[in-house]
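# Examining the three-dimensional arrangement
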Amino acid sequence: MKIRTLRCASSFLPRCRLTTSIIACAFAAGSTLVAFPLHAQDIPPESAGLDRLVARTIAANPDFAAARSRALAMRARIAPAGARPDPMLMAGIINVPINNFSFSDDDMTMKMIGLSQTIPYPGKLRLARTIAELQAAETAVVADSIRLAVVRGVKNAYYEIAYIDAALEIASRTDTLAGTVIKAASLRYSAGPGNQQDVLRANIEASRLNVGANELIERRRALTEKIGALIADVPPSLTNAAIPARLVRAAVDSNVSAISFSSRTLGSSATAGPLFPLADLQAFAMTANPQIRRNYAANAIVAARMELAQRQHLPDFDFSLQYGQRSGTMRGAGDRPVGRPDMVSFVVSVPVPLQRASKQGALVAAARADIATGESEQRATEALVRSEVARVYSDVTRARTQLALYVKALLPQARASLASAVSGYRSGTSDLSSVLDSQRTLLDMEVGYHRSMTDFAQGIAELDAMTGQETLR
């Protein structure tokens, strides 16, 4: 398909004043204005395709797979962390004379076998298991945060591709009409009413259109490669990318007469928002935001480690049971030789905490400092998350208000203005500049509508990731 150009309303249109489908209206049969699909019923339901893409990305993303494996590894370490040390089996020879290495000459020479077991002080194993459980929970939160980031990344890229496809569709329709527009302007110039500047201006606008369309195509290619990196595979074609209908319905009411604003004052917002109140969203984030949940888990680990450090000076007990077998004879009653009796030994060992102040005490002080650090970081993270939720909430609200203004006022007025300019141009009461300016305004409005719709969808994806749940009511 031959395409000439376009770009987003915020950056491309101010530079590339799209011209073309403009006068198409003047020369196409019936002068019907080309309109965008503005409501949910006009947009194909692509949410199923997006859901499949999200599911595929989650299943194939290598970062999430690695995080999930780390979480499984940490869960496998819980049971060993709370288990007692393995018993020690001992075997050897004791008190063998070095002059003859005899097992029977000395009364204290024996062959020994024994068993020893270390029993940690009560509570230490429980705390060690608790720390392992908290570490496993932390890695699970990290895995979930990566999952949410992957979902947000693929949705943002998908929504941006949907916007680019909508913009390219405008450029394609405009390009189809560009030749007719240029030809008509040339014919009018040849017939006398027109002027050469109109022809040159129409050609310049068509060339600028081609530049913008090429930039959009390259942006789309980069976005598909980004999705390919997320799934670690060949990028999907995404030939029918579109904002899901449920998001379009949430963004702007399909019934134009039902759209209302909070007041008649300048800067008022659209009412009947689809989001939970800001305070509720911030409350959701305080409990479900991945970074906050990770901080909670990290702080719980530090607290458990401090409790364990406070118990480190309490002794672990070493129990040892040994059996010694002796060879040879000894004098018994009446000087009769009898076999030497075997021996049994039982030993209990406990450490003496001579370095408690410089060792265990230092560990407790370090843990207390870590707790203070974690609490400060937690407060900072909570404040930042609340601020970010408010920022995105404001962006989404602004996008909804812009969409309401586009649908209720700006687009109808821009279409009426273009129709009037086209009619005047056809009757000879206005020049091409009026038509170009009116078409430029309409194109700005149409592309701006899709830009705001994309901003709304991307804002919802970001809020979902920050709150860890669906934010649309």
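In what follows, the structure referred to is the one given above.
A brief structural summary. Please read all numbers here as calculations on a predicted model, not as lab measurements. Numbers given for residues are sequential positions, taken from 1 along each chain in its written order. Reporting of local features is limited, given that this is a predicted model, to residues whose pLDDT is at least 70; pairs of side-chain atoms are given and counted only at 80 or more, and all residues count toward the totals for whole chains, interfaces and linings. Only hydrogens and water are removed before side-chain values are computed, so all heavy atoms of the structure are retained for them.

Turning our attention to a nonpolar patch on the surface. Grouping into patches uses exposed residues only, defined as over 30% relative accessible area, and leaves out salt-bridged ones; the cut-off is 9 Å for like charges and 5 Å for nonpolar side chains (Val, Leu, Ile, Met, Phe, Trp, Tyr). Only the protein chains shown count as cover for residues, with accessible areas throughout obtained via the Shrake-Rupley method and a probe of 1.4 Å. When a carboxyl oxygen of Asp or Glu lies within 4 Å of a side-chain nitrogen of Lys or Arg, that pair is called a salt bridge. Taken together, the side chains of Leu89, Ile113, Leu115, Phe319, Leu321, Tyr323, Val344, Phe346, Val348 and Val350 present a nonpolar region at the surface, about 970 Å² in accessible area. Going along the chain from the N terminus, every DSSP run of H or I of four or more residues is numbered as a helix, and every run of E of two or more is numbered as a strand. Those elements giving two or more residues to the nonpolar patch turn out to be strand S2 (110–119), strand S3 (317–325) and strand S6 (343–349). Structurally, Val344 is set in strand S6. Burial classes follow relative accessibility: with a 1.4 Å probe on protein chains only, a residue under 20% of its type's maximum area counts as buried, one over 50% as exposed, and anything between as partly exposed. Of the residues examined, Val344 reaches a relative accessible area of 62% and is grouped as exposed.

As a further point, take the nonpolar core. Counting 65 residues, the largest nonpolar core has Tyr159, Ile243, Leu247, Tyr449, Met453, Phe456 and Leu463 as the members making the most contacts within it. A total of 14 residues in this core trace back to one element, the largest contributor, which is helix H10 (residues 360–427). We call two residues contacting when some pair of their heavy atoms lies within 4.5 Å. For Tyr159, the contacting residues outside a window of four places in its chain are Leu50, Ile243, Pro244, Leu247, Thr454, Ala457, Gln458 and Ala461. Nonpolar cores are built from buried Ala, Val, Leu, Ile, Met, Phe, Trp, Tyr and Cys residues. Side-chain atoms within 4.5 Å join them into one set.

In this model helix H3 (residues 62–76) runs 21 Å from its N-terminal to its C-terminal C-alpha over 15 residues, within 8% of the 21 Å that 1.5 Å per residue would give. Of the positions making up H3, those classed as buried are Phe64, Ala67, Ala71 and Met74. One side of H3 carries all its buried residues, which in axial view fall inside an arc of 85°. Projecting away from the buried face of H3 at angles above 90 degrees are the exposed residues Leu72 and Ala76. Each polar contact in these results corresponds to two N or O atoms within 3.5 Å; when the atoms are within protein, one needs to be able to donate a hydrogen and the other to accept it, and residues that are neighboring in sequence are counted only if both atoms are side-chain atoms. The opening residue of H3 is Asn61, an N-cap whose side-chain oxygen sits 3.1 Å from the backbone nitrogen of Asp63. One less than the number of residues in a helix, times 1.5 Å, gives the span that helix is expected to have. Regarding the arc, it is the one traced by the directions from the helix axis to the C-beta atoms.

Limitation: the analysis is restricted to geometry and does not speak to function.
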